[in-house]
Amino acid sequence: FGFLDESDSCRVVHGYDPVDPNGNITINWDFPSIEPNVYVKVSIHNYQLYRHIERPGWRLSWVWAGDEFISDVIGAETTERGNCTGRHGANGAPPHCCEKQPVMADLLPGAPYNRQSANCCRGGVLSSVTQNNRTATSQFDMYIVNFALDEHGDPKMPTTFSIGVPGYTCSNATNVPATRSKVDEQRHVQVLRTWQIICSYSQFRDAPSPSCCVSLTTFYNNTIVGCPRDSCGGANSPSAHQCLSGGEQSKVLAALPDAEGAPPVPVIRCTEHMCPIRVHWHVKQSYRGYWRVKTTVTNYDVVSNYTDWNLVVQHPNLRSLTQLFSFNYQPLIQYGTINDTGMFWGIKNYNEMLLGDGNVQTEMILEKDPSDFTFSGGWAFPRRVYFNGHECVMPPPDQYPSLPNAARDVRVSAVQRWLVASSCVLSLSMLFLV
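Going by what an unreviewed UniProt entry lists, the protein chain is known as COBRA-like protein and is assigned to Aegilops tauschii subsp. strangulata. Looking at the Sequence similarities (unreviewed entry) heading of the UniProt record, one finds this comment for the protein chain: "Belongs to the COBRA family."

So, about the overall build of the protein chain. Helix and strand counts for the protein chain come out as four helices and 29 strands. When the accessible surface of the protein chain is split by element, carbon and sulfur atoms take 52% of a total near 22,800 Å².

The linkage connecting Arg 55 with the following residue, Pro 56, adopts the cis geometry, with an omega of 15 degrees. Here Pro 56 is to be found in the loop between β4 (38-46) and β5 (59-63). Despite not being glycine, Met 274 shows a phi value in the positive range, around 60 degrees. Within the secondary structure, Met 274 sits in the loop between β18 (267-269) and β19 (277-286). With a relative accessible area of 4%, Met 274 lands in the buried category. Within the chain, Asn 349 stands out as a residue other than glycine whose phi angle is a positive 65 degrees.

Before going further, it helps to spend a moment on the nonpolar core. The biggest cluster of nonpolar side chains holds 35 residues, and the ones touching the most others in it are Trp 291, Leu 311 and Phe 387. Elements supplying a minimum of two residues to this core: β16 (212-218), β19, β20 (290-299), β22 (310-314), β27 (359-367) and β28 (384-387). When residues in this core are grouped by element, the largest group, four residues, is from β19. The next biggest cluster of nonpolar side chains, apart from the first, holds 33 residues, and it includes Phe 140, Ile 144, Tyr 168 and Ile 197.

Turning our attention to the sheet that holds strand β24 (residues 327-335). Taken in spatial order, the five strands of this open sheet run β24-β25-β22-β28-β29, and their pairing is antiparallel. Here the strands that pair on one side only, and so sit at the sheet edges, are β24 and β29 (390-391). Strand direction decides the pairing type here: β28 and β29, joined by two bridges, are antiparallel. Among the inter-strand pairings, Tyr 386 is bridged to a residue of β29, identified as Glu 391.

Side-chain direction in a regular strand flips from residue to residue, so the side chains alternate between the two faces of the sheet. Within strand β15 (residues 193-201), seven of the nine residues are buried, which leaves it mostly tucked inside the rest of the structure. Relative to β15, strand β3 (residues 25-33) is paired through seven bridges, and the arrangement is antiparallel. By the bridge assignment for β15, Ile 27 is matched with Ile 197. With three bridges joining them, strand β11 (residues 168-170) and β15 adopt antiparallel strand pairing. When the sheet's bridge partners are listed, Thr 169 is paired in β15 with Ser 200. Direction of pairing for strand β12 (residues 174-176) relative to β15: antiparallel, over a ladder of three bridges. Across the sheet, the residue bridging to Val 176 is Thr 194, located in β15.

Strand order in the open sheet formed by four strands is β7-β8-β5-β10, with antiparallel pairing between adjacent strands. Every interior strand has two partners, whereas the edge strands, β7 (76-78) and β10 (159-162), have only one. In this sheet, neighbouring strand axes are inclined to one another by 20 degrees on average, regardless of whether the strands run parallel or antiparallel.

Here we take up the layout of surface pockets. Of the pockets and cavities examined, the second largest pocket occupies roughly 200 Å³. Residue lining of the second largest pocket: 13 residues in total, with Asp 30, Lys 41, Thr 179, Ser 181 and Val 191 positioned closest to the centre. Mapped onto the lining of the second largest pocket, the elements with two or more residues apiece are β3, β4 and β14 (188-190). With four residues, β4 is the largest single contributor of residues to the lining of the second largest pocket. Along the lines of polarity and charge, the residues of the lining of the second largest pocket split into four nonpolar, seven polar and two charged.

Structurally, a disulfide amounts to a covalent bond that connects the sulfur atoms of two cysteines. For the structure on display, the rule yields six disulfides. Here Cys 120 pairs with Cys 121 through a disulfide, and the sulfurs are 2.1 Å apart. On the S-S bond that ties Cys 120 to Cys 121, the torsion sits near -60 degrees, and the link is left-handed. The two residues Cys 120 and Cys 121 agree in class, both being buried. The side chain of Cys 213 participates in a disulfide bridge whose partner is Cys 227; the two sulfur atoms lie 2.2 Å from each other. A torsion of 80 degrees about the S-S bond marks the disulfide between Cys 213 and Cys 227 as right-handed. On the criterion of sequence distance, the pair formed by Cys 213 in strand β16 and Cys 227 in the loop between β16 and β17 (242-244) is long-range, its members being 14 residues apart. Across this residue pair, the class does not change: Cys 213 and Cys 227 are buried. The structure places no disulfide on Cys 97, whose sulfur is separated from the nearest cysteine sulfur, that of Cys 98, by 6.5 Å.

If you walk through the whole model with that rule in mind, you get 26 aromatic pairs. Relative to Phe 387, the ring of Tyr 306 has its centre 5.3 Å away and its plane inclined at 80 degrees; by these criteria the two rings are edge-to-face. With Tyr 306 in strand β21 (residues 306-307) and Phe 387 in strand β28, this residue pair connects regions lying 81 residues apart in the sequence. Residues Tyr 306 and Phe 387 agree in their burial class; the two are buried. Taken together, a centroid distance of 5.2 Å and an interplanar angle of 70 degrees make the contact between Phe 381 and Tyr 400 edge-to-face. Of the two residues, Phe 381 sits in the loop between β27 and β28 while Tyr 400 sits in the loop between β29 and α4 (405-433), which places them 19 residues apart along the sequence. The two residues Phe 381 and Tyr 400 agree in class, both being buried.

What counts and how
Residues numbered from 1 in each chain as written. Predicted model: local features only at pLDDT ≥ 70, side-chain atom pairs only at ≥ 80, totals over all residues. Heavy atoms only, no water. UniProt positions renumbered as here; feature names shortened; annotations may be inferred. Helix = DSSP H or I, 4+ residues; strand = E, 2+ residues; numbered from the N terminus. Areas by Shrake-Rupley, 256 points an atom, 1.4 Å probe, with all protein chains shown as cover. Buried < 20%, exposed > 50% of the residue type's maximum accessible area, 1.4 Å probe, protein only. Core = buried A, V, L, I, M, F, W, Y, C linked by side-chain atoms within 4.5 Å. Pairing = 2+ DSSP bridges. Axes fitted to C-alpha atoms, helices over the stretch in contact; angles between N-to-C directions. 1 Å grid on protein atoms, 1.4 Å probe; cavity = no way out; pocket = protein on both sides within 12 Å on 5 of 7 lines; lining within 4 Å. Points joined across faces, edges and corners; volume = space filled by probe spheres on them. Nonpolar A, V, L, I, M, F, W, Y, C, P; charged D, E, K, R; others polar. Disulfide = S-S within 2.5 Å. Phe/Tyr/Trp six-rings, centres within 6.5 Å; stacked < 30°, edge-to-face > 60°.

Below, the structure is given as structure tokens:
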């Protein structure tokens, strides 16, 4: 499916992802009660296999249908209070927010206990369901006054929902079957009604240029195939990367803000590819029944860390992955015998954070499948690579390292030796017959 871009009604911005065709962020508004004031439990579920929401996290916003205002919130807070003149919340207390378009943000870790709700207080960070399904959900509770009602006496749905994260487009709210929750082994409870909003991702909407690229090397060819030049748009790209030479890095690092601060744009090392992230795939060694690959992810941004990063690789031999070092791994797509896409991520308290101007690396051993394994024709290299949900730029296939002539000569020589040996056996057999 796709979404129309408001700037061009003839252009469709596709949100379909072949690696995660059913992935989305689902927002539920559950109504446990509507009298005397409306009580809403809002939950945000990240149902994406490999895309996660990093800091500064989600910022959920909408536009009220009438003169509603938020009396109180538990588990989150709005970024602005707005003009609350003449309005009062519960027990006469000042309202939490009177904005026509409130923007709700998750509380930070360490929030006061009496302001917390279940699944709150992670700064808006949502894990992917593959990395950690327990932290793929956020939740907060709202108490709303003056909820606009329709002719049937039901609350009117807000409009213009946004998750506040680049690349995501959200639908309007729709009525879905009311949420049921299990209380104990015998009892369930059901809310009065449930509204649902679906948010889908498009890399085109996220950024006008890529943010990662892939380079290739092998043990059988000394050629280094680097990332394509200006993979991420170059020095004049719309992403407005700042480019630093080696001598400038120490000055920038010395002037960095403290841990609570954040620079507005990436500050990357000057390279030909101009990407913040490079993924290097090295075919390291060949054994009798196995082959070995070393993968290195390098962060060229000298000021930004990637927390809970992940790497998705598509390669037909991943179904025969035998051993992996230093990373976690989980297959993503399995249809019958097809198992060619997998997700890699760091080990907690070891390398789950990719530091600025640093790297993480792994080695994997894969079993050779006699039915399709070969080092020729670029078969040993990945078909697609994604870093943190962004597809990386691959080198052109005609530039992939090729088998040297010597390797082809060795194959010919082996055949020639077999033919000579066979002819000798045949000659001896005929001699004995004579």
